[in-house]
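Observations on the model geometry
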Amino acid sequence: MTARFPVARPRRLRRTPAMRRLVAETRLDPAALILPMFVKEGIAEPHPIPSMPGVVQHTLDTLRKAAQEAVEAGVGGLMLFGIPAHKDGRGSAADDPDGIVQRALRELSADLGDATVLMADLCLDEYTDHGHCGVLTPSGEVDNDQTLERYAAIAIAQAEAGVHVVGPSGMMDGQVGAIRSALDAAGHQQVAIMAYSAKYASAYYGPFRDAAECAPQFGDRSAYQQDPANAAESLREVMLDLAEGADMVMVKPAGPYLDVVRRVRDAVDVPVAAYQVSGEYAMIEAAAAQGWLDRDRVVLESLTGIHRAGADQILTYYATEAARRLRAG
């Protein structure tokens, strides 16, 4: 660029809302938003989550209503998390054909058909009495290979209930390959895998653990989720998942890891998702409640930043609200 002030005046392209819209480099699309939803077994009415104002644990009926509203707003997908009535060491409810997520998938499949993309979290932490993401050894460590067998069974149960995309979030080595093999052997080649490839051992998950009732009863998940200090490791995890058959990959959390989102986006030729997690949501809500920031502007600004960093899809608890606002212009 050779022109300088006063000939060069970048503000010319910022003068009016219409001009700013015309030259915007990043555009959020409601269809690229995915709404995480919690459905709990054995409750008669939705339970508000105190640490996530505006988010609830749904009954099957309220889940159906909220899902319909999301689809009508233009949201592209729904990610289901289930809270069973009973938990045990193996997370038996996770692959129960009558388990809460399987029941929810059947209901939503009947209601919505192919009008949206039905996704389900494929992990065990919501279903185990110890709160870890897999089967434990006698010494209390997560047994990677035994856990893969459980993930394979859960994938088949979710596929038979009507899921379009499974989301393995446990960060077990070999999980994508085990799930892909199980799905294919059971005749579910059409079910896609959104791999939680770069899932960090993050403190931003605190409110989610209230929502999904899955806080570890001892220790933490640092032995299987990624170290927040590492970025190059994410690319290794992503490439391993793609080699095992992942159709999409994800970075979680989103906001504190935008550099990782960009590195992954630059390295792969599949869709890249990022999850604006519960802690990110809770911080916006808490600051807005104090009057410290403009909530509505920050919501869209935060999502725009995630998309600008390279995320093709964004999982966010703001999905329905943001989709409506984007459609309204």
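Further up the page is the structure itself.
A brief report on the enclosed structure follows. (Residues numbered from 1 in each chain as written. Predicted model: local features only at pLDDT ≥ 70, side-chain atom pairs only at ≥ 80, totals over all residues. Heavy atoms only, no water.)

**Focus: the overall build of the protein**
Of the regular secondary structure elements, the protein holds 11 helices and 10 strands. Its C-alpha radius of gyration of 20 Å places the protein within 12% of the 20 Å reference for a compact globule of 329 residues. Projecting the C-alpha coordinates of the protein onto the three principal axes gives extents of approximately 75 × 45 × 40 Å. Per-residue burial over the protein gives 52% buried out of 329 residues. Put simply, 75% of the contacts in the protein that link residues at least 6 apart link residues at least 24 apart. By element, 51% of the accessible surface of the protein is carried by carbon and sulfur atoms, the whole surface being about 14,800 Å². Counting 32 positive and 44 negative side-chain charges, the protein places the centres of these two groups 14 Å from one another. (Helix = DSSP H or I, 4+ residues; strand = E, 2+ residues; numbered from the N terminus. Rg over C-alpha atoms; globule rule 2.2 N^0.38 Å. Buried < 20%, exposed > 50% of the residue type's maximum accessible area, 1.4 Å probe, protein only. Contact = heavy atoms within 4.5 Å. Areas by Shrake-Rupley, 256 points an atom, 1.4 Å probe, with all protein chains shown as cover. Lys, Arg positive; Asp, Glu negative; His and termini not counted. Charge placed at Lys NZ, Arg CZ, Asp CG, Glu CD.)

**Regarding the pattern of salt bridges**
Using the criterion set out here, one finds 16 salt bridges in the structure. Between Arg106 and Asp98 there is a salt bridge whose closest N-O contact spans 3.8 Å. Residue Arg106 is classed as partly exposed on the basis of its relative accessible area, which comes to 38%. Here Arg221 makes a salt bridge to Asp125, at a shortest N to O gap of 3.6 Å. You can see Arg221 sitting in the loop between helix H6 (206-212) and helix H7 (232-244) and its partner Asp125 sitting in the loop between strand S5 (117-122) and helix H4 (144-161), a full 96 residues away along the chain. The pair Arg221 / Asp125 is uniform in exposure class, with both members buried. (Salt bridge = Lys/Arg side-chain N within 4 Å of Asp/Glu carboxyl O.)

**Focus on helix H10 (residues 295-309)**
Under the 1.5 Å per step criterion, the end-to-end length of H10 is 21 Å for 15 residues, consistent within 8% with the ideal 21 Å. In this structure, the buried side of H10 is in contact with helix H8 (258-267), strand S9 (272-275), helix H9 (278-289), strand S10 (313-315) and helix H11 (319-328). The N-terminus of H10 is capped by Asp294, whose side-chain oxygen sits 3.3 Å from the backbone nitrogen of Asp296. After H10 finishes, the residue Gly310 shows a positive phi value of roughly 130°. (Expected span 1.5 Å × (residues − 1). Polar contact = N/O pair within 3.5 Å; in protein donor to acceptor, adjacent residues only side chain to side chain.)

**Looking at a positive patch on the surface**
Residues Arg9, Arg11, Arg12 and Arg14 make up a contiguous surface patch of positive charge. Residue placement: Arg9 occurs in the segment before helix H1 (17-23). (Patch = residues over 30% accessible without salt bridge, like charges linked within 9 Å, V, L, I, M, F, W, Y side chains within 5 Å.)

**Examining the packing of aromatic side chains**
What the rule picks out here adds up to eight aromatic pairs. Ring geometry for Phe38 versus Phe81: centroids 5.6 Å apart, planes at 35°, classification tilted. In this pair, Phe38 is assigned in strand S1 (residues 33-40) and Phe81 in strand S4 (residues 77-83), connecting sequence segments 43 residues apart. The exposure class of Phe38 is buried, given its relative accessible area of 1%. By relative accessible area, which is 2% here, Phe81 ends up buried. Relative to Tyr318, the ring of Tyr281 lies with its centre 4.6 Å away and its plane at 35°, an arrangement referred to as tilted. On the criterion of sequence distance, the pair formed by Tyr281 in helix H9 and Tyr318 in the loop between S10 and H11 is long-range, its members being 37 residues apart. (Phe/Tyr/Trp six-rings, centres within 6.5 Å; stacked < 30°, edge-to-face > 60°.)

**A few points about the nonpolar core**
Formed by 101 residues in total, the largest nonpolar core has its most connected members in Phe38, Leu78, Tyr151, Met194 and Tyr275. The greatest single-element share of this core, amounting to seven residues, is contributed by helix H2 (residues 60-73). (Core = buried A, V, L, I, M, F, W, Y, C linked by side-chain atoms within 4.5 Å.)

**Thoughts on the packing of H9 against H10**
For any two helices packed against each other, the geometry comes down to the angle between their axes and how far apart the axes lie. Two numbers describe how H9 lies on H10: the axes approach to 10 Å, and their chain directions differ by 160°. When the axes of H9 and H10 are compared, the pair comes out roughly antiparallel. Crossing angle aside, the handedness with which H9 passes H10 is right-handed. From H9, Ile284, Glu285 and Ala288 reach across to H10, where they touch Arg295, Val298, Val299 and Ser302. In terms of residue class, the contact of H9 with H10 is made up of four nonpolar, one polar and two charged. (Axes fitted to C-alpha atoms, helices over the stretch in contact; angles between N-to-C directions. Parallel < 35°, antiparallel > 145°, perpendicular 65-115°, else oblique. Left-handed = near helix turned anticlockwise from the far one by under 90°. Nonpolar A, V, L, I, M, F, W, Y, C, P; charged D, E, K, R; others polar.)

**Overview of the state of the cysteines**
If you walk through the whole model with that rule in mind, you get zero disulfides. Cys123 takes part in no disulfide bond, and the closest cysteine sulfur, belonging to Cys133, lies 3.5 Å away. By relative accessible area, Cys123 is classed as buried at 1%. (Disulfide = S-S within 2.5 Å.)

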